[in-house]
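# Coordinate inspection notes
Each chain, letter by letter, is given below.
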2 protein chains.
Amino acid sequence: MLQKVLSQLDQDRDAAVARLQDFLRIPSVSTKEENRTDVAQCAQFLADRLNELKFDARVHETAGHPVVVARNEHVPGRPTVLLYGHYDVQPVEPLELWKTPPFEPTIRDGAIYARGAADDKGQVWAHVEAIRAWQQAGGVPANLVLLLEGEEEIGSPNLQKFMEEHRGDLAADIALISDTNQFARGLPAITYGLRGLVYEEIFLQGPDHDLHSGLFGGAVPNPANILCEILATLHDDQGRVNIPGFYDDVVPLEDKEREMWRKLPFDEGELARELGLEALVGEAGYSTIERKWARPTCDVNGITTGYQGEGAKTVIPSKASAKVSMRLVPNQDPAKIRDAFERAIRERCPAGVKVEFKNFGLAEPLVVPLDLQAMKLAAEAVKVGFGVEPTFMREGGSIPVVSQIKRMLGIDTLLVGFGLPDDRVHSPNEKFDLDAFYGGMRTAAALYARLAEMK
Amino acid sequence: MLQKVLSQLDQDRDAAVARLQDFLRIPSVSTKEENRTDVAQCAQFLADRLNELKFDARVHETAGHPVVVARNEHVPGRPTVLLYGHYDVQPVEPLELWKTPPFEPTIRDGAIYARGAADDKGQVWAHVEAIRAWQQAGGVPANLVLLLEGEEEIGSPNLQKFMEEHRGDLAADIALISDTNQFARGLPAITYGLRGLVYEEIFLQGPDHDLHSGLFGGAVPNPANILCEILATLHDDQGRVNIPGFYDDVVPLEDKEREMWRKLPFDEGELARELGLEALVGEAGYSTIERKWARPTCDVNGITTGYQGEGAKTVIPSKASAKVSMRLVPNQDPAKIRDAFERAIRERCPAGVKVEFKNFGLAEPLVVPLDLQAMKLAAEAVKVGFGVEPTFMREGGSIPVVSQIKRMLGIDTLLVGFGLPDDRVHSPNEKFDLDAFYGGMRTAAALYARLAEMK
């Protein structure tokens, strides 16, 4: 039966791509107030498509953007799989760098270009197409529950509450998420570890209005200079994060893990070239893969202060603010790291300026056991989908819901993603390879069959 | 005759204010391409008004914004005064902080609120009104040449060339500028020293596109972090500018100068409160007045990098840029300081990022001799205009044209300004006190009479 479903998917590819394009056309940018109705429309679009496939799909309102929950008719005794995904996307700025408009999905060079193509709409849609094929062939062989949210890109502020309120509907034996990458083109992967996240914005206030830098320069604290001096203290000369207690709870990398990763085909020079860099840099004593997957970081994501228009303005800014995010690894505690960060910044803030903070999200780091039965079944499904054994990797990104699922539903999550490292997620010209989409549809179809065999 | 002119000015105050408001309504923002026609219209407005006063006023096109030159009928043997002013203004952002729109001049609490009210339209207009009164009384007693430019706020890129081409028309015995402040309300001043300026923008380029901070954080150079680390090196822990050679040519303050300034009524705490600050801070070893008037500085005027919208975006920026300006004192050489600055930044820029610079202006610092005859005559005129002896001060701002006038026309410049320290020039809610405007008109009228006595 799986073979029939797979060949159906192979024959139906063009129509599947056309349906994905309809999904990608909806500008569901969750962080922008102006896109609120687009996000809601995107949720309804998903529910409508799933209802057409004989799933019971509903749009649930929240304090923020809606959540879509969909389920097939559950057969007693069958394993239940909770499939999580998100239909919201990152902002598109700077818009002028896009070769084609972010919400006019365009096929070129064997890929589909659009905001959300890989993160995460394209991967969600691979599952929708697998479901379509199974339903046409008599029904998905496992009990499926889809949980599709619209606030992943803003830190899922309302998901935890929603999951608590709908714990019963979400009960499952295993969770499944396709929002990660293959290791490389032709090397599909299962991700067993994720970094956590603390995202903060720092606000400095100096004079209560902008001042003429000639009349007042030298006499008053300049929040722009001070912000730089403070942010400059966040790393030492070895590239280590300079926040007291930051590394206290970090579990050291195991030798066998470092060994396994050392064997992966990875060309540092090639990645540097792809990114237009002379060299990759970072914390001393660790390989690039280790720094990306398994070491904590602290990056400035944006700074706003003073005059940013064209030409010159001789002004001492009244305010300066910076968005700063930290990636965490087991067993760092996001709340503890946030407190340590704020304490360090306050202590380093000189007299004459006031400092305030705003938090935009906390996510726990985690690792899923490699010897899990479901992990082995998932590996078989990837082999069916892509024709090669998966690589077992960790990822630098954060998927907060995985730890929430563990905490609230008591189940582990399989991260079987189809993206590629060069998909430019969160950047202009985001894309999703068509081969990844095709292999993803096949893998999703095989996952439902294999996971139905769970004991 | 002067008495008649003065009482005429006193009687005509309301009409004078109304005429100033017409001048202030023109949004002559020289740094914004979108205001180009407004700037041109502002030049024509000035020429029209001066021609109505029987001056020969002409609008001269340049490669940038026009220059207005106006002269009365010169009487042989009479001293000639070159009056310089500028009719362009700073940008108004952030617009939302203005209590009333910047180009709808509004009278409240004895002041006129508008962009350019004090810097420099209001002060230029005090002279226009003085000229009006003298012309009605039979003519300005000195030979006057008005040189009014529209690019002062962007570093006067075309003024030098213009002055070279019109050297003959601009020949004079002394130059006069009203674009500075009184020391305080009721304490009019003559400014005999100005700081110079170097204004640079630094551009850092890291990855050739923005990257996901989860997928790449820890592996690539982050231009936002690096920019902060570089800018943080610009000061040492004593508040001194940390650029090799920066202080080499600085002329130390003389004891008698420090003594004279120590006697000035200046309440540091009061200024701090006015600015909404807990404390004034700056270079160790110097008073606030010394730091503002006679010590060099380095201030960040603006930073642009990464995501600046609402909410969170987990991005590693591809680019980061900062506008940085340095105020100079005698005998620092702007070109030499610019080179030292760029050299220091390049040396401090780590591997993995590219750095470029753009210069937005160089101005020489200067001091005018206190024992100049014209300086004494000007002091008498201020006494006539405001009823009290002027204070002799220096100022932290830069007026590049003063050194150009010295270099090209070989004459000194009298800086007799009417602004007040709390006028918020370059900031939201810029204003010009009506008493300063009235006293300014009287002082201008008296200056023409006194300077006519120059030997």
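In the block above lies the structure referred to throughout.
Below is a summary of the structure that appears in this document.

Calculation notes
- Every chain is numbered independently, its residues counted from 1 as its sequence is written.
- As a convention, the first chain written is A and the first ligand written is 1, with the rest following in written order.
- Two thresholds apply to this predicted model, a pLDDT of at least 70 for residue-level local features and 80 or more for giving and counting side-chain atom pairs, whereas whole-chain, interface and lining totals are computed over all residues.
- Only hydrogens and water are removed before side-chain values are computed, so all heavy atoms of the structure are retained for them.
- Contact between two residues is taken to exist if any of their heavy atoms lie within 4.5 Å; hydrogens are not considered.
- Two parts lose some accessible area (1.4 Å probe) when they are put together, and adding that loss for both gives the buried area.
- For this document, the term salt bridge refers to a Lys or Arg side-chain nitrogen within 4 Å of an Asp or Glu carboxyl oxygen.
- In protein, a polar contact means a hydrogen-donor-capable atom and an acceptor-capable atom, both N or O and within 3.5 Å, with residues adjacent in sequence counting only if both atoms are side-chain atoms; elsewhere, any N or O pair within 3.5 Å suffices.
- Under the scheme used here, helices are H or I runs from DSSP no shorter than 4 residues and strands are E runs no shorter than 2 residues, and both carry numbers assigned from the N terminus.
- In this classification, the charged set is Asp, Glu, Lys and Arg, the nonpolar set is Ala, Val, Leu, Ile, Met, Phe, Trp, Tyr, Cys and Pro, and all remaining amino acids, among them Gly, are polar.
- Strand pairing follows a simple DSSP-based rule, namely that at least 2 bridges must link the two strands.
- With a 1.4 Å probe rolled over the protein chains alone, any residue whose accessible area is under 20% of its type maximum counts as buried; one over 50% counts as exposed, and the rest are partly exposed.
- Only residues whose relative accessible area exceeds 30% and that form no salt bridge are eligible for patches; like-charged ones are grouped when within 9 Å, while nonpolar side chains (Val, Leu, Ile, Met, Phe, Trp, Tyr) are grouped when within 5 Å.
- For the area figures, the Shrake-Rupley method with a 1.4 Å probe applies, and any residue is considered shielded solely by the protein chains shown.
- When charges are tallied, Lys and Arg are placed among the positive residues and Asp and Glu among the negative ones, while His and the ends of the chain are skipped.
- Lysine's charge is taken at NZ, arginine's at CZ, aspartate's at CG and glutamate's at CD.
- For Phe, Tyr and Trp, rings pair up if their centres lie within 6.5 Å, where Trp contributes its six-membered ring, and each pair is then called stacked (planes under 30 degrees apart), edge-to-face (over 60) or tilted (otherwise).
- Note on criteria: charge over ring means Lys NZ or Arg CZ within 6 Å of the ring centre, with the direction from the centre no more than 35 degrees off the ring normal.
- The criterion is simple. A nonpolar core is a set of buried Ala, Val, Leu, Ile, Met, Phe, Trp, Tyr and Cys residues joined through side-chain atoms within 4.5 Å.
- To get an axis, fit a line to the C-alpha atoms, keeping to the stretch in contact for a helix; angles then go from 0 to 180 degrees between the N-to-C directions.

### So, the interface of chain B and chain A
In this complex, chain B contributes 86 residues to the contact, which on the side of chain A involves 86 residues. Carbon and sulfur atoms supply 53% of the area that chain B and chain A bury against each other, a total of about 7,300 Å² over both sides. Ranking the residues of chain B by area buried against chain A places Leu-215, Leu-275 and Lys-313 of chain B at the top, with a combined share of 9%. Run the count over chain B and chain A and you get zero salt bridges. At the junction of chain B with chain A, the criterion picks out 46 residue pairs in polar contact (both at pLDDT 80 or more). Here the element with the most residues in the side of chain B that touches chain A is strand 11 (residues 297–306) of chain B; it accounts for 10 residues. Within the side of chain B that touches chain A, the residues separate by chemical class into 33 nonpolar, 32 polar and 21 charged. Note that strand 11 (residues 297–306) of chain A and strand 11 of chain B share five bridges and pair antiparallel. Looking at strand 11 of chain B, one finds that Thr-305 of chain A is bridged to Ile-303 of chain B.

### With respect to the pattern of salt bridges
By the definition in use, this model includes 63 salt bridges over all chains. Its salt-bridge partner being Arg-185 of chain B, residue Asp-422 of chain B comes within 3.4 Å of it at the nearest N-O pair. Here the residue Asp-422 of chain B occupies a position in the loop between strand 17 (413–415) and strand 18 (431–433), and Arg-185 of chain B occupies one in the loop between strand 7 (174–177) and strand 8 (189–194), the gap between them amounting to 237 residues. By relative accessible area, which is 51% here, Arg-185 of chain B ends up exposed. Overlapping salt bridges bring together Arg-185, Asp-422, Asp-423, Lys-431 and Asp-433 of chain A as one network.

### Overview of the pairing of strand 9 (residues 196–205) of chain A
All names here are of chain A. Of all 10 residues making up strand 9, eight are buried, and the element is well covered by its neighbours. Where strand 9 and strand 13 (residues 319–328) come together, 10 bridges link them in antiparallel fashion. For Val-198, the partnering residue across the bridge sits in strand 13 and is Met-326. In this structure, strand 9 lies alongside strand 14 (residues 354–363), joined through eight bridges in antiparallel fashion. Bridge pairing in strand 14 places Glu-200 opposite Asn-359.

### Some details on a negative patch on the surface
All names here are of chain A. On the surface, a cluster of negative charge is made up of Asp-267, Glu-268, Glu-270 and Glu-274. One can find Glu-270 in helix 10 (residues 268–274). We classify Glu-270 as partly exposed; its relative accessible area is 41%.

### Focus: the packing of aromatic side chains
Under the defined criterion, the tally for this structure stands at 22 aromatic pairs over all chains. A connected cluster of aromatic rings, assembled from ring pairs, spans Phe-23, Phe-45 and Trp-125 of chain A. The cationic tip of Arg-108 of chain B hangs over the ring face of Tyr-113 of chain B; the distance from NZ or CZ to the ring centre is 3.8 Å. Taking NZ or CZ as reference, Arg-240 of chain B lies 4.1 Å from the ring centre of Tyr-247 of chain B, over its face.

### Thoughts on the nonpolar core
In this structure, Leu-147, Phe-437 and Tyr-448 of chain A are the most contacted members of the largest nonpolar core, which totals 117 residues. The element contributing the most residues to this core is helix 15 (residues 434–451) of chain A, with 12 residues. Among the nonpolar cores identified, the runner-up in size contains 116 residues, and Ala-130, Ala-142, Leu-147 and Leu-264 of chain B belong to it.

### Considerations on the sheet that holds strand 5 (residues 111–113) of chain B
Residue and element names in this part refer to chain B. Reading across the sheet, the three strands line up as 4-5-18 and stay open at both edges, with antiparallel pairing between neighbours. Strand pairing shows two members of the sheet lacking a second neighbour, strand 4 (106–108) and strand 18, which therefore form its edges. The mean angle between the axes of side-by-side strands here comes to 25°, regardless of whether they run parallel or antiparallel. Inspection of the sheet shows strand 5 paired to strand 18 by three bridges, in the antiparallel sense. The residue bridging Ile-112 from the neighbouring strand is Phe-432, located in strand 18. Helix 2 (residues 13–24) contacts strand 4 and strand 5 of the sheet and is inclined by roughly 20° relative to strand 5.

### What about unusual backbone geometry?
For the bond from Glu-93 of chain A to Pro-94 of chain A, the omega torsion is -5°, close enough to zero to count as cis. Tracing the backbone through its elements, the reader meets Pro-94 of chain A in the loop between strand 3 (80–86) and strand 4 (106–108). The backbone of Asp-109 of chain B shows a phi angle near 50°, a positive value even though the residue is not glycine. Tracing the backbone shows Asp-109 of chain B in the loop between strand 4 and strand 5.

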